[in-house]
Amino acid sequence: MKAPPFTLHRPATVDEAAGLLAALADEGALVLAGGQSLVPMMALRLAYPPDLIDINGIAGLDRIELSGDHLAIGALARHHDFRRSVVPGPFGALLARISHEIAHYPIRTRGTFCGSLAHADPASEWCLTAATLGAEMVLRSQAGERAVPVADWFEGAMATVREPEELLVEVRLSRPAEGSAWGFYEFNRRAGDFAIGAALAGYRLEGGAMRDVHVGIGAIEEVPRRLGEVEAALEGQPPGPEAFRTAARIAAGAVEPLEDFATPADYRRDLAVTAIERALAEAALAQPGQRGMAA
Ligand SMILES: Cc1cc2nc3c(=O)[nH]c(=O)nc-3n(C[C@H](O)[C@H](O)[C@H](O)COP(=O)(O)OP(=O)(O)OC[C@H]3O[C@@H](n4cnc5c(N)ncnc54)[C@H](O)[C@@H]3O)c2cc1C
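Note that the coordinates shown come from a computational prediction; the quantities given were computed from them, not determined experimentally.

Explanation requested: the sheet that holds strand S11 (residues 181-187) in the structure shown.
Strands pair in a sheet through their backbones, by hydrogen bonds, and they do so in one of two ways: parallel or antiparallel. Pairing in this open sheet of 4 strands is antiparallel, and the strands run S11-S12-S13-S14 from one edge to the other. Of all the strands in the sheet, just S11 and strand S14 (225-226) have a single pairing partner and so form its edges. Across 7 bridges, the pairing between S11 and strand S12 (residues 197-206) is antiparallel. Bridging across to S12, Phe 184 finds its partner in Leu 200.

Structure (structure tokens):
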């Protein structure tokens, strides 16, 4: 199928884009970033925006810059830009590792980090990353700028608190704690497919005990999130397979899994437990002194 007709607008600045959104968002205008979700949806007639506001000509939106306690990621930073470390050290290595799990090569060269956060697919690796590490979404409209913490960002599957006239100009991804180490695990049936279940986990060691524990799940529920119950069970414990298994099992009672024609809820519940256990095992291997992704 072909996309329905639309008018293409090519603003040269963020202010111009904000002006177009102010004028046209009520009529259904949408931002076009990498187009890797929006264009297929238009071709399938699941979306039919009368106006597309193509932000690809706006200079400076491709920036990826370490700034204090966060990594500032502009609206045109592509998945592929993270394929090699964008920051020195293990934080960059973690993002590179995760980026390789997203879709296929051609999609990674066009799709954007911010587009993933705006689109809010439950299976998005970047949404899981933002939810687990912590992030702030910076929105711009003619009314000004506001920042939304990731805890308040997602409203449901493919739904966020972004107003139609707001442009997501930047995501500020929190830097992991010094000395922390991370593991990531994702399951899908074929390489490049969307994840059916994924987990990101990290902690640092203090006197042999786990501290600053972060455990997040993606593709399991409508919205990726940290699992406080699992984190609490690990905090202060020595790491090891037994502790990981016991904590991961808590997830089985804590999650409300998505269900679809190919994947029953119970399958996803089991997958959440396995993904968490494997992400934690990888984080253990990555602890400073081991070879891996220690921050
Ligand atoms: C075959 C296939 C496999 C895929 N597999 C994966 C996968 O495994 N993991 C994964 O995470 N993704 C996957 N994707 C999706 C891909 O990563 C998209 O690139 C991403 O979801 C959206 O980014 P985009 O820049 O392409 O956004 P677009 O397609 O341009 O836009 C998506 C939506 O977000 C809005 N939007 C985009 N940017 C902004 C902005 N700056 N401000 C406001 N609104 C904005 C658009 O208006 C639109 O509603 C896959 C896509 C395909 C086609």
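Sorry, what's going on with the site of the ligand here?
Around the ligand there are 28 residues in total, and Gly 34, Gln 36, Ala 103, Gly 111 and Gly 115 lie nearest to it. Here the shell around the ligand takes 5 residues from helix H5 (residues 113-119), the largest share from any one element. Among the residues forming the shell around the ligand, the class breakdown is 16 nonpolar, 10 polar and 2 charged.

Hey, could you run me through the pairing of strand S4 (residues 64-67) in this one?
Each regular strand shows side chains that alternate between the opposite faces of the sheet. Relative to strand S5 (residues 70-74), S4 runs antiparallel, the two sharing 4 bridges. If you follow Ile 64 over to S5, its bridge partner there is Ile 73. As consecutive antiparallel partners, S4 and S5 are separated by 2 residues, and within that stretch Gly 68 has a phi angle of approximately 65°, a positive value.

Cut-offs used in this document
Every chain is numbered on its own, with residues counted from 1 as its sequence reads. Where local features are concerned, this predicted model is filtered to residues with pLDDT of at least 70; where side-chain atom pairs are given and counted, the filter is 80 or more; whole-chain, interface and lining totals use all residues. Pairs of strands are assigned from DSSP output, requiring at least two bridges between the strands. Helix and strand labels come from DSSP, where a helix needs a run of H or I of at least four residues and a strand needs a run of E of at least two; each type is numbered from the N terminus. Each residue receives a C-beta atom placed from its backbone. It is near a molecule or strand if this atom lies within 6 Å of it. Ten residues, namely Ala, Val, Leu, Ile, Met, Phe, Trp, Tyr, Cys and Pro, are considered nonpolar, four, namely Asp, Glu, Lys and Arg, are considered charged, and the remaining ones, Gly among them, are considered polar.

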